[in-house]
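# Close look at the chain arrangement
Spelled out, the chains give:
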Protein chains: 2
Amino acid sequence: MSVLIVGSTALDSIKTPKSENPRLLGGSASHAAVAASFFSPVNLVGVVGDDFPRRYLQLYRRRGINLEGLQSVPGKTFHWSGEYEANMNNRRTLLTELGVFEQFTPTLPKSYQASRFVLLANIAPALQHHVLNQAPRPKFVVADTMDLWLNIALPDLLKLLKRIDAFVLNDSEAHQLTKQDNLFAAMRRIHQLGPTYVIIKKGSHGSVLSGPRGIFLCPAYPLHKVVDPTGAGDSFVGAMMGYLAVAGGRIDDHMRQAMIYGSIVACFCCEGFGLTRTSRLRRSEIETRAKRLRQMTRF
Amino acid sequence: MSVLIVGSTALDSIKTPKSENPRLLGGSASHAAVAASFFSPVNLVGVVGDDFPRRYLQLYRRRGINLEGLQSVPGKTFHWSGEYEANMNNRRTLLTELGVFEQFTPTLPKSYQASRFVLLANIAPALQHHVLNQAPRPKFVVADTMDLWLNIALPDLLKLLKRIDAFVLNDSEAHQLTKQDNLFAAMRRIHQLGPTYVIIKKGSHGSVLSGPRGIFLCPAYPLHKVVDPTGAGDSFVGAMMGYLAVAGGRIDDHMRQAMIYGSIVACFCCEGFGLTRTSRLRRSEIETRAKRLRQMTRF
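Quick look at the structure, then. From a predicted model like this one, the values you see are computed outputs, not experimental measurements.

## Concerning the overall build of chain A
A count of helical and extended segments in chain A gives 10 helices and 13 strands. Once the C-alpha set of chain A is aligned to its principal axes, its extents read approximately 50 × 45 × 40 Å. Relative to its full complement of 299 residues, chain A shows a buried share of 61%. Within chain A, counting contacts between residues at least 6 apart in sequence, those at least 24 apart form 65% of the total. For chain A, the computed accessible surface area is about 12100 Å², with 50% contributed by carbon and sulfur atoms.

Structure follows, in structure tokens:
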């Protein structure tokens, strides 16, 4: 079964203490779609301007991503520019140019309506609602978000939480949303807002699932060097949804394994700028690290 | 087999936004010894003043801890006072009164010399050396430390690292010692300084072992409420050593399980002020949470 992914399709200029990397392929939907593509067919919804490099369209296509829902319109592609500190944990935004994103109304092609796994990657909650309104019979809907929407679109986001199955956010966003310092207390509070599954991402500390079968502590794969963590969270949720879409049967039976695959693709994402590492991944490399991660957590 | 534990035996006054708790039983050796006592016999080395409450001696004895090496001398017991912020992560020291600790020279009674498992809990590296000089044929020596010794006794600490089997420290101390931002790069560097086993504690994010059998990602038990994290790290390493001392056979065969038990006793420690929760633990409660933790990490 295919995954429908809506989110941002962007150009990212990423600065680190050691290098500058202008206009990489980025955006939540790009990272999520490439990550999902290792597991299932992907239907992408997004928008790019007429400056969007042809090679990035080719990259999507090489990964077999269906681009029928990717609008190409006159104007500039969404451009984000950010700078990381030496420890690769703290980043600051240098520039955000919305470009064609400002007027974006996501529209689902007919062919996408069979996608019963829907990933509302990080994008304005109003647009996430708009996509959900067009999806006829979704089986499993996951939404990601970011601190910006908690600040400027909280009412929309709270309404969205009542329409989705799983909500993915990072630990600082969970604190911001619930005013709870304790992670597990925060998860309990988020369940009360709607979602059956709550997943909190903790970067290099892994992630935590709270769902019908209780808590799952999902480890991050140990990396000796992080080149660029941009898009790791999007890769995580993309790979997770790709795995779930083809697993079949009950979500609960596969959720933990799906998060492990999410964790593995996210770690590869951190090993290169933008999508440079992820887009060249082989499924066998994913399987090798998944096995190693299992070995590193046995007791 | 018994564990020899040397470290601080102190009175802790702990302030949180909600309460004040004067003169609790504390200190690295107290926490480690009580934690170890659920698994193995414990030989304690430390010093207290003549103000040390009799009920705390009774607490040690109730846990079966051998006090032959606990010196009781005229003067004041080491007193530490600290305050936690609302999120229970940041704490600041309000007061440190060394008291009888200033003149402390740890001496091993003859009866302790059979302890082949030696835990050098957090204490000045010079005292850790002094204890090691008296231990005739240790099988497994673990040392813990704190940022203070990295600041004021680094040469002693570096010498110690060449004499021990395992070194336990937290993530910020690992960064301080190695100047490496990346945790796994830091561990590699610490191995080069001596220890075969390096264990980095990450608080509520668990801990990581690097040893002859590679990396082990040890989870922390999820807590919905942290009352007082003081001594959690000491409890972790104490329980770990207690478990190893009775496991028999090769250290490598039991190290992961030992860390899991450390993690469990540490989580109980956080559920009460000072040793109030840990000292009333039952082994069956430890086993129940160890089973649950296993369940929460399976995939």
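## Digging into the environment of Gly 7 of chain A
Residue and element names in this part refer to chain A. As for its placement among the helices and strands, Gly 7 is situated in the loop between strand 1 (3–6) and strand 2 (10–15). Of the residues examined, Gly 7 reaches a relative accessible area of 0% and is grouped as buried. Gly 7 sits 131 residues away from Pro 138 along the chain, and the two C-alpha atoms are 17 Å apart. The residues contacting Gly 7, other than those within four sequence positions of it, are Ser 28, Ala 29, Val 45, Gly 46, Phe 101, Ala 121, Asn 122 and Ile 123.

## A look at the interface of chain A and chain B
On the chain B side, the residues contacting the 29 residues of chain A number 29 residues. A combined buried area of about 2800 Å² lies between chain A and chain B, and 57% of that area is made up of carbon and sulfur atoms. Contact with chain B buries area across many residues of chain A, yet Leu 217, His 224 and Phe 299 of chain A alone supply 29% of it, more than any other trio. Applying the counting rule to chain A against chain B returns zero salt bridges. Inspection of the region where chain A meets chain B yields 14 residue pairs in polar contact (both at pLDDT 80 or more). At the level of elements, helix 7 (183–192), strand 13 (214–218), helix 9 (251–269) and helix 10 (283–297) of chain A are the ones that each hand at least two residues to the side of chain A that touches chain B. Here the element with the most residues in the side of chain A that touches chain B is helix 10 of chain A; it accounts for five residues. Each residue belonging to the side of chain A that touches chain B can be placed in one class, and the counts come to 14 nonpolar, eight polar and seven charged.

Each value, and the rule that gives it
- Residues numbered from 1 in each chain as written.
- Chains lettered and ligands numbered in written order.
- Predicted model: local features only at pLDDT ≥ 70, side-chain atom pairs only at ≥ 80, totals over all residues.
- Heavy atoms only, no water.
- Helix = DSSP H or I, 4+ residues; strand = E, 2+ residues; numbered from the N terminus.
- Buried < 20%, exposed > 50% of the residue type's maximum accessible area, 1.4 Å probe, protein only.
- Contact = heavy atoms within 4.5 Å.
- Areas by Shrake-Rupley, 256 points an atom, 1.4 Å probe, with all protein chains shown as cover.
- Buried area = accessible area lost by both parts, 1.4 Å probe.
- Salt bridge = Lys/Arg side-chain N within 4 Å of Asp/Glu carboxyl O.
- Polar contact = N/O pair within 3.5 Å; in protein donor to acceptor, adjacent residues only side chain to side chain.
- Nonpolar A, V, L, I, M, F, W, Y, C, P; charged D, E, K, R; others polar.

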